[in-house]
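Secondary and tertiary structure notes
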Amino acid sequence: MHDPRRVAILISGRGSNMRALVERADGYDVTLIVSNKPGALGLQWARERGLATWALESKGLGKEDYDRQLSATLEEHGIGTIALAGFMRILSPWFVERWRGRILNIHPSLLPKYRGLDTHARAIEARDQVSGCSVHVVTEELDAGEVLGQAEVPIEPEDTPGSLEQRVLVAEHALYPKVLSEFVRR
Ligand code: GRF
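On a predicted model such as this, the values are computed, not experimentally measured, just so you know.

Rules used throughout
- Residues numbered from 1 in each chain as written.
- Predicted model: local features only at pLDDT ≥ 70, side-chain atom pairs only at ≥ 80, totals over all residues.
- Heavy atoms only, no water.
- Near = heavy atom within 4 Å.
- Polar contact = N/O pair within 3.5 Å; in protein donor to acceptor, adjacent residues only side chain to side chain.
- Areas by Shrake-Rupley, 256 points an atom, 1.4 Å probe, with all protein chains shown as cover.
- Helix = DSSP H or I, 4+ residues; strand = E, 2+ residues; numbered from the N terminus.
- Nonpolar A, V, L, I, M, F, W, Y, C, P; charged D, E, K, R; others polar.
- Pairing = 2+ DSSP bridges.
- Axes fitted to C-alpha atoms, helices over the stretch in contact; angles between N-to-C directions.
- Contact = heavy atoms within 4.5 Å.
- Salt bridge = Lys/Arg side-chain N within 4 Å of Asp/Glu carboxyl O.
- Buried < 20%, exposed > 50% of the residue type's maximum accessible area, 1.4 Å probe, protein only.
- Parallel < 35°, antiparallel > 145°, perpendicular 65-115°, else oblique.
- Left-handed = near helix turned anticlockwise from the far one by under 90°.

**Details of the site of the ligand**
Close contacts around the ligand come from R14, G15, S16, N17, G86, I106, H107, P108 and E172, and that covers them all. G15 is positioned with one of its backbone polar atoms (N or O) 2.9 Å from an oxygen atom of the ligand. At 2.9 Å, a backbone N or O of I106 approaches a nitrogen atom of the ligand. Relative to its unbound accessible surface of 370 Å², the ligand loses 86% to contact with the protein. For the shell around the ligand, the elements supplying multiple residues, two or more each, are helix 1 (16-23) and strand 5 (103-107). Taken together, the residues of the shell around the ligand break down into 2 nonpolar, 5 polar and 2 charged.

**Structural notes on the sheet that holds strand 5**
Remark on secondary structure: sheet strands pair via backbone hydrogen bonds, oriented parallel or antiparallel. Strands sit in the order 3-2-1-4-5-6-7 across an open sheet of 7 strands; the sheet is mixed. Each edge of the sheet is formed by a strand with only one pairing partner; in this case those strands are strand 3 (53-55) and strand 7 (147-154). Within the sheet, the average angular offset between the axes of one strand and its neighbour, ignoring direction, is 20°. Summarising the sheet, strand 6 (residues 130-137) and strand 7 pair through 7 bridges and their orientation is antiparallel. Residue pairing across strands places S131 opposite V153, the latter belonging to strand 7. Helix 2 (residues 41-48) rests against strand 1 (6-11), strand 2 (29-35) and strand 3 of the sheet, and its axis sits at about 150° to strand 3. Packed on one face of the sheet, helix 6 (residues 161-185) meets strand 1, strand 4 (81-84), strand 5, strand 6 and strand 7 and runs near 155° to strand 7.

**Notes on the pattern of salt bridges**
A complete count under the given rule lists 13 salt bridges for this structure. R68 is the salt-bridge partner of E64, the closest N and O atoms lying 2.8 Å from each other. Pair noted here: E64 and R68 are both in helix 3 (residues 63-76), with a separation of 4 residues, about one helical turn.

**Description of the environment of C133**
When you line up the elements, C133 lands in strand 6. With relative accessibility at 0%, the residue C133 sits in the buried group. Along the backbone, C133 and E172 are 39 residues apart, and their C-alpha atoms lie at a distance of 6.2 Å. Those residues within four positions of C133 in sequence are excluded, and the remaining contacts are H107, P108, S109, L110, G149, Q150, A151, V168, A171, E172 and L175.

**Regarding the packing of helix 1 against helix 6**
Put simply, helix 1 and helix 6 touch, their axes get as near as 9 Å, and they point 45° apart. In terms of their interaxial angle, helix 1 and helix 6 are classed as oblique. The two elements helix 1 and helix 6 cross, and the hand of that crossing is right-handed. Every residue of helix 6 that contacts helix 1 at S16, N17, A20 and L21 is listed here: L169, E172, H173, Y176, P177 and L180. Among the residues making up the contact of helix 1 with helix 6, the classes are represented as 6 nonpolar, 3 polar and 1 charged.

See the structure below:
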């Protein structure tokens, strides 16, 4: 059994949640940064910080083939917990089974509301008064695993999806490190 405090963060893009998880790490060690997009902005930041990185383009590779390579890399680094942070790829059932209960994700809505994409536009469209973010356990079903923590963010009348996203992101950056740190201790 691997040490749950050895964390890999999986990203596809800018990696602002990754940065928050690294900068606010408490009780866990960010051992590896992974990306399925070798050009991801967040990777550059991670390399500058001297963090170990592994990037493999997912386009063109079969889903399970990719996931087997990813899993082997995580094994090599002795990873115990996987934190998805803007990882824009659905993991195969094989991978989810292999790492069952050890994969977390952050999602920009108050789950179970608004699984999937365009959460901020959907919350505004529905005239919700409040939105927010959730950290949950990853299962085979998209954005549907056990919710471990949430933070609420009020929706203002003048909000656009972009302005709401910015405020929810600030809440994400506080929530994710806190929930991860509780998770690795349990
Ligand atoms: C965040 O909104 C997160 O909730 C979602 O993808 C976005 C990633 O942003 N899963 P960043 O790459 O962490 O800046």
